[in-house]
Amino acid sequence: MLQLSFVNFKKGAYLFVEGRGNNDRFYIIQNGQVQCSNDIPIPGYTAQTFGPGDFIGVIPCMSSHLQVESCVAVTDVTAIAVKRDQYPDLIANNTPVAMKIIRTFANRMRTMNSVLTNLTLHQVASESLEELFNVATYYYREAKYDIAMYAYYQYLKSCPNGANVESAKSRFIELKPKSHAVYFEPTNETTRRYPKGTMIFSENQPGSDMFIIQSGEVAISKVVEGNEVILAILKKGDMFGELALIENKPRTASAIAHEECVLMVVNRKNFDQMVTTQPQMIARLTTMLAERLWAQHRQLTNSQIVDLSHRMVDTLALQLEKLKIPLDTALNYQTNISLQELVTMCGIPSQQQARAITDFTNLIRPKLVNSKIVVYRPVDIIKSAAFYRSKAAQNS
């Protein structure tokens, strides 16, 4: 039987401290107000105040990472403590609680995506359907015709009277005979197979499906100022596409088969059924969203590190920390990231990338196997990154 405890905090008391590991529980505020903020000021992301009915500390609790912000009681506060292992029972008995957390996470992710796009990619996020044409044209120029074909189709479907319809039609007709693009339209299939190098969905495309990777890898990317920026490379068990499903808004990034992959498809009807009948699956989704938000918090902090080689070290550490393996005992770890992919993950302008890669290489002396980075003593990379973040906080 689920038993939750009440906890009282005096005004000025800290519920959580950024960087600390007290992450086995989160709080639901019953009375009072709590303010949460970060040690390193981040442009466009300010301290937030929470009150009755709000959730505090869910991100580090469900992701099992260190606290991402400090939370202090602005008034005397009474809160319900929910331990990590109690969450499935909590949402099994109270579906609205699960949906409030998931929708809060989704809204926060979209907001943070916008801030990250502006800070790291130096671009204001746009939801214009005309952007579909720009995405298609980028891949056309890069001779990635399967991706371009899919994106041109989505543009023609979404913007039948758009400014670039004739050009899109011409290229679509040109590419059709030699394209291997798949699933231009949603189907009733519960699983789909995507060949390597094909597009699953495009940024700015309307969509209502979420995907779970059964096998293979998927790259999440954006086209920014004529360059493709890889945001993440997802593997078996990862979920993606949840924002469009939950919020019914356009995709915030593109998903492309990095390797041949098999995906489970979750549509809105299936999702609603999952919420009410599969608390373990919803707990897993909450954990995944918490992981993404934790990573976004780290990326926001990362964007404020001035030294570009230090920023690359911190980005590499972030990728290692996501793995949750005992890195302190590992001597070598083979990543799936190249130096070029790492530098683009940092949002470093193209004219500065060569120097940043040189400085990064001189700093940690990485070994490359099949062009992918091999990390010697991963724990040292993580410690170095923590030092660089601390240094950035002192200088902010």
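It should be noted that the structure appears before, not after, this text.
Bear in mind the structure is a predicted one, so any value in this text is a computation, not a measurement.

Peer 1: Even after reading the chapter, I still don't get the nonpolar core, so can you show me in this structure?
Peer 2: Nonpolar side chains in soluble globular proteins generally cluster together in the buried interior. Grouped together as the largest cluster of nonpolar side chains are 47 residues, with contacts concentrated most on F26, Y87, I101, F105, F271, I282 and L285. Excluding anything up to four places from it in sequence, I101 contacts F26, F55, V58, Y87 and T286. Membership of the second largest hydrophobic core comes to 40 residues, among which are A136, I147, I200 and L263.

Peer 1: So what exactly am I meant to see when it comes to the pairing of strand β3 (residues 25-31) here?
Peer 2: Within a regular strand, side chains alternate between the sheet's two faces. By the bridge criterion, six bridges tie β3 to strand β8 (residues 77-83) in an arrangement that is antiparallel. Pairing of F26 across the sheet is with V82, part of β8. In the sheet, β3 pairs with strand β6 (residues 55-56) via two bridges, with the strands oriented antiparallel. For Y27, the partnering residue across the bridge sits in β6 and is I56.

Peer 1: In this structure, what is going on with the sheet that holds strand β14 (residues 239-240)? I would like to understand it.
Peer 2: Adjacent strands of a sheet pair through backbone hydrogen bonds, lying either parallel or antiparallel. Across the sheet, which stays open at both edges, the four strands sit in the order β9-β16-β11-β14 with antiparallel pairing between neighbours. Each edge of the sheet is formed by a strand with only one pairing partner; in this case those strands are β9 (191-194) and β14. Relative to strand β16 (residues 261-266), strand β11 (residues 210-215) runs antiparallel, the two sharing five bridges. Along β16, the bridge assignment pairs M210 with V266.

Peer 1: Where do I start with the pattern of salt bridges in this structure?
Peer 2: Charged atoms that come close allow side chains of opposite charge to pair. By the definition in use, this model includes 15 salt bridges. Several salt bridges converge on common partners, so that one network encompasses R298, D314, E321 and R389.

Peer 1: Please explain the environment of K196 as it appears in this structure.
Peer 2: The residue K196 is located in the loop between β9 and β10 (199-201) in this model. Between the C-alpha atom of K196 and that of E217, which follows or precedes it by 21 residues, the distance is 8.9 Å. Among all residues touching K196, those that are not within four sequence positions of it are A257, H258, E259 and E260.

Peer 1: Whenever I open this one, the packing of aromatic side chains confuses me. Can you help?
Peer 2: Two aromatic rings, taken as a pair, are described by how far apart their centres are and by the angle between their planes. One pass over the structure, following the stated rule, counts 17 aromatic pairs. Ring plane angle 20° and centroid distance 5.9 Å describe the contact between Y150 and F184, whose orientation is recorded as stacked. Taken together, the positions of Y150 in helix α5 (residues 145-158) and F184 in the loop between α6 (165-175) and β9 put the pair 34 residues apart, joining distant regions of the chain. Judged by relative accessible area, Y150 falls into the buried class, the value being 2%. Members of the aromatic cluster, joined through ring pairs, are F133, Y140, Y145, Y152 and Y155.

Peer 1: What is the right way to look at unusual backbone geometry in this model?
Peer 2: Glycine aside, negative phi is the norm for most residues, and most peptide bonds take the trans geometry. In this structure, R365 takes a positive phi of about 50° despite not being glycine. On the secondary structure map, R365 appears in the loop between α12 (350-364) and β18 (367-369). Backbone geometry at N370 places phi at a positive 55°, although glycine is not the residue there. Examined against the element boundaries, N370 turns out to sit in the loop between β18 and β19 (372-376).

Peer 1: How should I be thinking about the side chain of E341 in this particular structure?
Peer 2: Mapped onto the fold, E341 is located in helix α11 (residues 339-345). With relative accessibility at 11%, the residue E341 sits in the buried group. In this structure, E341 is in contact with I230, I233, H258, N336 and K372, ignoring residues within four places of it in sequence.

Peer 1: Sorry if this is basic, but what is going on with the sheet that holds β10 here?
Peer 2: Pairing is antiparallel across the open sheet formed by four strands, whose spatial order is β10-β15-β12-β13. Since the sheet does not close on itself, it has two edges, and those belong to β10 and β13 (227-234), each with one partner. When strand polarity is set aside, the average angle formed by the axes of neighbouring strands in this sheet is 35°. As defined by bridge partners, β10 adjoins strand β15 (residues 254-257) across two bridges and the pair is classed as antiparallel. When the bridges of β15 are listed, M199 appears paired with I256. Along the sheet, helix α4 (residues 131-141) contacts β10, β12 (218-224), β13 and β15; its crossing angle with β12, the most-contacted strand, is approximately 105°.

Peer 1: How do you make sense of the packing of helix α10 (residues 308-323) against helix α13 (residues 378-395) when you look at a structure like this?
Peer 2: Packed helix pairs are specified by the crossing angle of their axes together with the interaxial distance, meaning the distance between the axes. Packing of α10 against α13 leaves a shortest axis separation of 8 Å and a crossing angle of 125°. As judged from the angle between their axes, α10 and α13 are oblique. Viewed along their axes, α10 and α13 form a crossing whose handedness is left-handed. When α10 is examined against α13, the residues H310, V313, D314, L316, A317, L320 and E321 are found in contact with a partner set consisting of P378, I381, I382, S384, A385, Y388, R389 and K391.

Peer 1: What is the right way to look at the pairing of β9 in this model?
Peer 2: Only one face of β9 is covered, namely the one carrying R192 and Y194; the face carrying T191 and R193 has none of its residues buried. As paired elements, β9 and β16 share four bridges and run antiparallel to each other. Bridged to Y194 within β16 is C261.

Peer 1: When you look at α5 in this model, what are you seeing that I'm missing?
Peer 2: In an α-helix, one turn spans 3.6 residues, which is why side chains three or four residues apart end up on the same side. End to end, α5 covers 20 Å across 14 residues, agreeing with the expected 20 Å (1.5 Å per residue, within 8%). Along α5, the residues that are buried comprise D146, I147, A148, M149, Y150, A151, Y152, Q154, Y155 and L156. Elements that come into contact with the buried residues of α5 comprise α4, α6, β10 and β15.

Peer 1: Sorry if this is basic, but what is going on with the environment of F26 here?
Peer 2: By secondary structure assignment, the location of F26 is in strand β3. Judged by relative accessible area, F26 falls into the buried class, the value being 0%. On a C-alpha basis, the gap between F26 and C61 in space is 6.1 Å, while along the polypeptide they are 35 residues apart.

Cut-offs used in this document
Residues numbered from 1 in each chain as written. Predicted model: local features only at pLDDT ≥ 70, side-chain atom pairs only at ≥ 80, totals over all residues. Heavy atoms only, no water. Core = buried A, V, L, I, M, F, W, Y, C linked by side-chain atoms within 4.5 Å. Buried < 20%, exposed > 50% of the residue type's maximum accessible area, 1.4 Å probe, protein only. Contact = heavy atoms within 4.5 Å. Pairing = 2+ DSSP bridges. Helix = DSSP H or I, 4+ residues; strand = E, 2+ residues; numbered from the N terminus. Salt bridge = Lys/Arg side-chain N within 4 Å of Asp/Glu carboxyl O. Phe/Tyr/Trp six-rings, centres within 6.5 Å; stacked < 30°, edge-to-face > 60°. Axes fitted to C-alpha atoms, helices over the stretch in contact; angles between N-to-C directions. Parallel < 35°, antiparallel > 145°, perpendicular 65-115°, else oblique. Left-handed = near helix turned anticlockwise from the far one by under 90°. Expected span 1.5 Å × (residues − 1).

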